[in-house]
Amino acid sequence: MSLEFSLPKDFKGVHFHFVGIKGTGMVALVEILHARGAVITGSDVSERFYTDEVLEKLGIKALPFSEKNITESVQFVIYSSAYSVEKNPDLIEAKKRGLPMMLYSEALGAISATSYSCGVCGVHGKTTTTGLCGTVLKKLPLSSQVLAGSIIKSFGESCTMTKGYDYFVAETCEYQRHFMAFEPKKIILTSVESDHQDYYPTYEDIRAAFVDYICKLPQGGQVIYCADDKGACEAVELAKSRRTDIQAIPYGGAASGDYKLTFGRVENGVHYFKIASLGECAICVPGDHNVRNAAAAIALTSELLKTDGKNPHDYIEDIKRGLKEFAGGKRRSEIVGRAKTALGQDVIFIDDYGHHPTAIKTTLAGFREFYKGHKIIVDFMSHTYTRTAALLEEFASSFDSADKVIINKIYGSAREDASAASVTGEILAERAKKYHKDVSYSKEFDEAAELGLKFLSEPSGEAFPDGYVFVTMGAGDNWKVGKKILEKLS
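What you see is a predicted model; the values in this text were computed from it and never measured.

A. Seen up close, the sheet that holds strand β14 (residues 279–283). As summarised here, the arrangement of the three strands in space is β12-β13-β14, forming an open sheet in which the pairing is antiparallel. With one partner strand each, in any of the chains shown, β12 (261–267) and β14 form the two edges of the open sheet. Averaged over all pairs of adjacent strands, the angle between strand axes in this sheet comes to 25°, irrespective of strand direction. Note: strand β13 (residues 270–275) against β14, five bridges, orientation antiparallel. Bridge assignment links Tyr 272 to a residue of β14, and that residue is Ala 282.

If you want it as structure tokens, here you go:
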């Protein structure tokens, strides 16, 4: 995909109008452009969202949809795919005036063309890896701006981090090949496996998209890839067969070179590990998968230092400090509350976006190691009928590290016909019983919350002296189950 429009290098005074300005991704773009001096207006529904607070901090008020929003000063329009060019009054007027109109992915691509840009991609770990990159870059003497797909605590409860504009790092999405609008100089590739089956029916289809994205790199561009992930290795090999000039830089336990990873101990809420070029490092978020994400962030930030003419060895302590300051992102192993049961046992409530079998398995394994003395209860809501049907056995067998499992109804996509689906949450729960001795099905959230409270009213047992971890997991809205239980216990 090539850009049909271009943005000026300097955004100062350039007027962008956002249609659907309250969306998480849209607000992140607003922050990016506002920090570069752009003039921003936007429209949306009147309902209040958490993003209203972000806009208010920037002095921006979301307007009702109206053709009057497209004033003479508007130069570019960025719009959410939720709104139709044929029906939305702002977009109808913008089209009538012949203004450049961009979807989120196109706008992100146009912005990337104005900086030395790096795309973070992969089926798993994009948001956390981008957040880790930004948290490390805050410590380094590089003019940089970062955009993640969710709120990152160490960004000051924002999706973005800005300390200049020369280097731009952004999370880029494979769905419907959206990342093909991005203009990367370097790419992080965390993982490739079958997903988004409604768009990529086979593994080869989704792998081909990642290969095409890697091949967008310029002459001598770098792909920093996880050597522990079979799909990532295959995608890089295929890209290299087409483009021998691309530099392939591995990280992980199976890697050789500067970013070879050696896993270490978990102690007092800290996960230690070694990187060949840095020595011992540590992060304060659980799981081997997050250690790999940290290795990716080390590799990218080190390579950016080299690009800027600096020696990464001069900044080892800064990189290590940045890693330790990373505190996770919203819905990424996020601790949402703590409470005590009627028996006085501690409960840690965690919410996580994991919605693919591999992510579920690795995230729960991370919790099992990190919270050794806790009994783990997980409430899971599968996302999309197509994904659940295509990966039913993989989903069913992904809860090994949990002690009790509650499965909800499936959270369907607006793109799917639920009445024609071949799978349900109940079918998934029954299949999961083949692999796990304690699985329950609770279709609705009230029922799941009641069951969760029942489990928490029982003693955790001698094997779990530290109490409970209650995890809500999935890309749906079952975080409400944890919220209901937390409110009752509190």
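B. Focus on the sheet that holds strand β10 (residues 222–226). Strands sit in the order β7-β6-β8-β5-β9-β10-β11 across an open sheet of seven strands; the sheet is mixed. The two strands at the open ends of the sheet, each matched to only one other strand, are β7 (158–163) and β11 (247–251). Each neighbouring strand pair of the sheet contributes to a mean axis angle of 15°, computed without reference to strand direction. One ladder, built from four bridges, connects strand β5 (residues 116–121) with strand β9 (residues 186–189); its direction is parallel. Residue pairing across strands places Gly 119 opposite Ile 187, the latter belonging to β9. Relative to β7, helix α1 (residues 24–35) is tilted by about 15°, and along the sheet it contacts β6 (144–152), β7 and β8 (167–171).

C. Representation of helix α3 (residues 89–97) within the structure. The complete set of buried residues in α3 reads Asp 90, Leu 91, Glu 93 and Ala 94. Viewed end-on, α3 has its buried residues packed into an arc of 160°, placing them on one side of the element. Turned more than 90 degrees off the buried face of α3, the exposed positions are Lys 95 and Lys 96. Lining the buried residues of α3 we find β1 (15–19), β2 (39–43), β3 (76–79) and β4 (101–103). Capping the start of α3, Asn 88 holds a side-chain oxygen 2.9 Å from the backbone nitrogen of Asp 90, two or three residues further along. Immediately beyond the C-terminal end of α3, within one or two residues, lies Gly 98, with a positive phi of roughly 75°.

D. Inspection of the pairing of β9 at higher detail. Burial along β9 is two-sided: Lys 186 and Ile 188 and Ile 187 and Leu 189, pointing in opposite directions, are all buried. In terms of strand pairing, β9 meets β10 through four bridges, oriented parallel. Looking at the pairing, Leu 189 lines up with Tyr 225 of β10. Of the crossover connections in this fold, the one passing from β9 over helix α6 (residues 203–214) to the parallel β10 is right-handed.

E. Layout of the packing of helix α5 (residues 126–137) against helix α9 (residues 316–325). Relative to each other, α5 and α9 sit at 130°, their axes nearing to 8 Å. Viewed along their axes, α5 and α9 adopt a mutual orientation that is oblique. Relative to α9, α5 is oriented so that their crossing is right-handed. Judged by residue contacts, Leu 132, Thr 135 and Val 136 of α5 engage Ile 319, Gly 322, Leu 323 and Glu 325 from α9.

F. Region of interest: unusual backbone geometry. Positive phi values are uncommon outside glycine, yet Gln 176 reaches one of about 50°. Looking at the element boundaries, Gln 176 is found in the loop between β8 and β9. The phi torsion at His 196 lies on the positive side, around 50°, for a residue other than glycine. Structurally, His 196 can be placed in the loop between β9 and α6. Overall, His 196 belongs to the buried group, its relative accessible area being 14%.

G. Up close: the packing of aromatic side chains. Tallied over the entire structure, the rule returns 14 aromatic pairs. Consider the rings of Tyr 199 and Tyr 200, whose centres lie 4.9 Å apart with planes at 90°: the pair is edge-to-face. You can call Tyr 199 partly exposed: its relative accessible area is 35%. Judged by relative accessible area, Tyr 200 falls into the buried class, the value being 2%. Each ring, one from Phe 349 and one from Phe 470, has its centre 5.8 Å from the other, and the planes form 45°; the classification is tilted. Of this pair, Phe 349 sits in strand β16 (residues 346–352) while Phe 470 is found in strand β20 (residues 467–473), placing the two residues 121 residues apart along the sequence. Phe 470 matches Phe 349 in its accessibility class, with the two residues each being buried.

H. Representation of α5 in the model. For α5, with 12 residues, the first-to-last C-alpha span of 16 Å sits near the 16 Å given by 1.5 Å per residue. Within α5, 12 of the 12 residues are buried, which leaves it mostly tucked inside the rest of the structure.

I. Up close: empty space enclosed by the protein. All told, the structure shown has one cavity of 30 Å³ or more when counted by the stated rule. Approximately 40 Å³ is the volume attributed to the largest cavity. Lining the largest cavity are Thr 24, Val 27, Glu 31, Tyr 50, Thr 51, Val 54, Ile 151, Glu 157, Ser 158 and Cys 159. Counting residues per element, the ones that place at least two in the lining of the largest cavity are α1, α2 (51–57) and β7. Here the lining of the largest cavity takes three residues from α1, the largest share from any one element. Taken together, the residues of the lining of the largest cavity sort by class into five nonpolar, three polar and two charged.

Rules behind the numbers
- Residue numbers here run from 1 along each chain, matching the order of that chain's written sequence.
- Selection of residues for local features in this predicted model requires a pLDDT of at least 70, selection of side-chain atom pairs for listing and counting requires 80 or more, and totals for whole chains, interfaces and linings are taken over all residues.
- With hydrogens and water excluded, all non-hydrogen atoms of the structure serve as input to the side-chain values.
- Should DSSP find at least two bridges between two strands, the strands are regarded as paired.
- A run of H or I in DSSP becomes a helix once it reaches four residues, and a run of E becomes a strand once it reaches two; helices and strands are each numbered from the N terminus.
- Fitted lines through C-alpha atoms serve as axes, helices being fitted only where they are in contact, and the angles separating the N-to-C directions of these axes extend from 0 to 180 degrees.
- Contact definition: two residues touch when any of their heavy atoms are within 4.5 Å.
- Each residue is assigned to one of three classes by its accessible area relative to the maximum for its type, calculated with a 1.4 Å probe on protein chains only: buried under 20%, partly exposed between the two thresholds, exposed over 50%.
- In this context, the arc is that of the directions from the helix axis out to the C-beta atoms.
- We call two N or O atoms a polar contact when they sit within 3.5 Å, provided that within protein one can donate a hydrogen and the other can accept it, with sequence-adjacent residues counted only if both atoms are side-chain atoms.
- With its strands directed away from the observer, a crossover is right-handed exactly when the path from the first strand over the helix to the second travels clockwise.
- Just so you know how the angles are binned, under 35 degrees is roughly parallel, over 145 roughly antiparallel, 65 to 115 roughly perpendicular, and the rest oblique.
- Here is the rule for handedness: rotate from the far helix to the near one, and if that takes an anticlockwise turn smaller than a right angle the crossing is left-handed, while a clockwise turn gives right-handed.
- Ring geometry is summarised as follows: Phe, Tyr and Trp rings, the Trp one being its six-membered ring, pair when their centres sit within 6.5 Å, and such pairs are stacked at plane angles under 30 degrees, edge-to-face over 60 and tilted between the two.
- Here the expected span of a helix is defined as 1.5 Å times the quantity of residues minus one.
- The method works on a 1 Å grid over the protein atoms by themselves. A cavity is a set of points holding a 1.4 Å probe that cannot get out, a pocket is an open set with protein on both sides within 12 Å along at least five of seven lines, and residues with an atom within 4 Å of a point line them.
- Grid points are joined across faces, edges and corners, and a volume is the space filled by probe spheres set on the points.
- Here the nonpolar group is Ala, Val, Leu, Ile, Met, Phe, Trp, Tyr, Cys and Pro; Asp, Glu, Lys and Arg are the charged ones; every other residue, Gly included, is treated as polar.

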